Amino acid sequence: MYGRDPWGGPLEIHAADSATDDDRSRNLNDFDKAALSRPLDETQQSWLLGPGEQKKKKYVDLGCIIVSRKIFVWTVGTILAAAFLTGLIVLIIKTVPRHHHPEPPPDNYTQALHKALMFFNAQRSGPLPKHNNVSWRGNSGMKDGLSDSVNKNLVGGYYDAGDAIKFNFPQSFAMTMLSWSVIEYSHKYEAVGELNHVKEIIKWGTDYLLKTFNNSADTIDKIAAQVGSGDTSGGSTTPNDHYCWTRPEDIDYPRPVYECHACSDLAAEMSAALASASIVFKDNKSYSKKLVHGAATLFKFARDQRGRYSAGSAEAATFYNSTSYWDEFLWGGSWMYYATGNSSYLALATARGLAKHAGAFWGGPNYGVFSWENKLTGAQVLLSRLRLFLSPGYPYEDMLSTFHNQTSIIMCSYLPVFTSFNRTKGGLIQLNHGAPQPLQYVVNAAFLATLYADYLEAADTPGWYCGPNFYSTKVLRDFAKTQVNYILGKNPRKMSYVVGFGHKYPKHVHHRGASIPKNRVRYNCKGGWKWRDTHKPDPNTLVGAMVGGPDKHDGFHDVRTNYNYTEPTLAGNAGLVAVLIALSGEGKPSTPLIDKNTIFTAVPPMFPTPPPPPAPWKP
């Protein structure tokens, strides 16, 4: 019998295949008994043994791979143990108190900066804010201008020095210097927690300056130049701010207001102050716009009504005489360009005729000396900045390159290897040629040197040439540090000339408010003389005041009646603040050198005018 083979082929079915179960059982005896006696492998056992009879597996099937059970158990156990150990370590780290390394103490420049800014709080006139932090000062000058024939509210502003006179000329310069330092180093002010403070100081000054003229008008014909009087000529005994020794809070004598109608130098300096401050307050659009408008009005007045402000005032000529207004045109025009972006101001500031009148080409004994009276050097540095970072090209490049070269020469004159200026044996540069009160000139030069070094490095320039010799920017900073360190106490007398800084500083400052105790006693004009003449130290510490300084022999007399040694000024302290912030925080890698862009906020993109074609060629 044949059947069909499903694998392809005939399938023969034998009769034996139909045998009974008994027949099959008997046929088993015909198999090889030795084969049955061999042990079965694991696969065979799994076929033959029942569920309860199978041996425990030695391997684990993970789907994609088969691994040994021992290795699997060991691996999983190790992972779990490591995770437990890691969690335990993290828990311990988070629960155990951390020991933070204390921040390094601030450097001397930063410590002195905090104090130098406090001087401006002590010089405030008008209703003082609650947070003024000078306990021995109070409201003063509350009728300034209102009781005078001008009948104008001139309350506020700053007293100039140890008296209670408000001189707009040096006060404006002080505000310009502070604003310049904020524009360049706002990140440093913020790092030391003084940005809001210094901006408040500037605003206190600019708010007052806006009161001294009709700031809402486009054209004006006068400015209030001075409040208070210090005239003691001819032995006058009329009570005023110099004859009397009285706390500002106790003044009961008349305080006249002096106005000017042709004062180009004063108006241009006030314009510089408001223009630079408008950049500081650029985030306050309404106030910044108000400052810019006032600055433009002042600058127009300066150009239209030519004249020196001190020419018609004996007092101004005695205390803050101005010899020229051309340098203020250059200085004010530069700041007006940065504040407005109006190229007409840049055209004026780069006019060769103006530079010539300002003394840019003839030098002289005061060439390179930057002060409240001479702004030429500051303007040259300010315009060199424009060339270094924007390079507007024709038609400004001719004078900008000239100013840049002149700035390099001035920086050379500050170095000890040159003999442009004498130095005392202690190392203090004599920028005012041995005259009294040298420190205000020193701090201004130190600021410009540090700032110019930062300009060069920010422009990827490692130094500059003095003749054939190349000098690195480090020598400029070394010059600035040497001078400032002298002022802070590294001098032959081991005395700090900043009140309240260090262990030894002037204790008999020529300052009415600091020398008279706040004891609820109102001293009249002559009644305060006993405090002026006493040999006792000041009952009130005028923190941060930089005094006039030593003489040309490094000598210093801590005597209240000698103002050449012991009187501080607004302009001097503004330069001190500027150089201290410039030098502070050195060595911190995250600190940028300067803010390269903020000063150019209002300057439009540069599209240089192509130069004129060359003249026709003639054979």
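Keep in mind that this is a model prediction, so the values were computed, not measured. (Residues numbered from 1 in each chain as written. Predicted model: local features only at pLDDT ≥ 70, side-chain atom pairs only at ≥ 80, totals over all residues. Heavy atoms only, no water.)

(A) Just the layout of surface pockets, in detail. Quantified by volume, the largest pocket comes out at close to 710 Å³. Residue lining of the largest pocket: 25 residues in total, with His242, Phe319, Gln437, Tyr563 and Glu567 positioned closest to the centre. At the level of elements, helix 10 (314-319), helix 16 (439-458) and helix 20 (563-566) are the ones that each hand at least two residues to the lining of the largest pocket. Residues that form the lining of the largest pocket fall into these classes: eleven nonpolar, nine polar and five charged. Roughly 490 Å³ of volume is contained in the second largest pocket. (1 Å grid on protein atoms, 1.4 Å probe; cavity = no way out; pocket = protein on both sides within 12 Å on 5 of 7 lines; lining within 4 Å. Points joined across faces, edges and corners; volume = space filled by probe spheres on them. Helix = DSSP H or I, 4+ residues; strand = E, 2+ residues; numbered from the N terminus. Nonpolar A, V, L, I, M, F, W, Y, C, P; charged D, E, K, R; others polar.)

(B) Looking closely at the pairing of strand 6 (residues 223-227). Across the five residues that make up strand 6, a large majority, five, are buried. Two elements, strand 5 (residues 166-167) and strand 6, share two bridges in a ladder whose sense is antiparallel. From the neighbouring strand, phenylalanine 167 faces strand 6, where its bridge partner is glutamine 226. Pairing of strand 6 with strand 7 (residues 257-260) involves four bridges; the strand directions are antiparallel. Its bridge partner lying in strand 7, valine 227 is registered against valine 257. (Buried < 20%, exposed > 50% of the residue type's maximum accessible area, 1.4 Å probe, protein only. Pairing = 2+ DSSP bridges.)

(C) Representation of the sheet that holds strand 7 in the model. The antiparallel open sheet is built from three strands, whose spatial order is 5-6-7. Across the chains shown, the open sheet's two edge strands, defined by having one partner strand only, are strand 5 and strand 7.

(D) Local environment of the packing of helix 16 against helix 21 (residues 570-583). Interaxial distance between helix 16 and helix 21 falls to 8 Å at its minimum, and their mutual angle equals 30°. Classed by the angle they form, the pair helix 16 and helix 21 counts as roughly parallel. Note on packing geometry: the crossing formed by helix 16 with helix 21 is left-handed. For the pair formed by helix 16 and helix 21, the contact residues are Gln440, Val443, Asn444, Ala446, Phe447 and Thr450 on the first element and Gly572, Gly575, Leu576, Ala578, Val579, Ala582 and Leu583 on the second. (Axes fitted to C-alpha atoms, helices over the stretch in contact; angles between N-to-C directions. Parallel < 35°, antiparallel > 145°, perpendicular 65-115°, else oblique. Left-handed = near helix turned anticlockwise from the far one by under 90°. Contact = heavy atoms within 4.5 Å.)

(E) A look at the nonpolar core. Trp180, Ile223, Trp335, Tyr338 and Phe447 are the most contacted members of the largest nonpolar core, which totals 161 residues. The element that contributes the greatest number of residues to this core is helix 16, accounting for 15 residues. Tyrosine 338 has contacts with Ile279, Leu382, Leu383, Arg385, Leu386, Ile599, Phe600, Ala602 and Val603, leaving out every residue within four places of it along the chain. Listed in part, the seven residues of the second largest apolar core include Tyr159, Tyr243, Cys244 and Tyr253. (Core = buried A, V, L, I, M, F, W, Y, C linked by side-chain atoms within 4.5 Å.)

(F) Looking closely at the state of the cysteines. Under the criterion given, the structure shown has three disulfides. Linked covalently through their sulfurs, cysteine 244 and cysteine 525 form a disulfide whose S-S length is 2.0 Å. Between cysteine 244 and cysteine 525, the disulfide has an S-S torsion of -95° and is therefore left-handed. Here cysteine 244 is found in the loop between strand 6 and strand 7, whereas its partner cysteine 525 is found in the loop between helix 18 (512-515) and helix 19 (529-533), with 281 residues between them in sequence. Paired by a disulfide, cysteine 260 and cysteine 263 hold their sulfur atoms 2.0 Å apart. Its torsion about the S-S bond being 65°, the disulfide of cysteine 260 and cysteine 263 is classed as right-handed. Each member of the pair, cysteine 260 together with cysteine 263, is buried. Taking only the cysteines that form disulfides and numbering them from first to last, the chain has the pattern 1-6, 2-3, 4-5. (Disulfide = S-S within 2.5 Å.)

(G) Here's a closer look at the UniProt feature "active site" (unreviewed entry) in the chain. Here, the residues flagged by UniProt with the feature "active site" (unreviewed entry) are His510, Asp558 and Glu567. In sequence the annotated residues extend across 58 residues, while in space they remain close, none of their C-alpha pairs exceeding 10.2 Å. Set against the largest pocket, the annotated residues named above that line it are His510 and Glu567. Classification of histidine 510 as buried rests on a relative accessible area of 10%. When neighbours within four sequence positions are excluded, histidine 510 is seen to be in contact with Gly162, Trp245, Arg560, Thr561, Tyr563, Thr566, Glu567 and Pro568. Checked against the element boundaries, glutamate 567 lands in the loop between helix 20 and helix 21. Using a relative accessible area of 14% as the deciding quantity, one classes glutamate 567 as buried. The residues touching glutamate 567, leaving out its near neighbours within four places in the chain, are Ala161, Gly162, Asp163, His510, Met546, Val547 and Gly548. (UniProt positions renumbered as here; feature names shortened; annotations may be inferred.)

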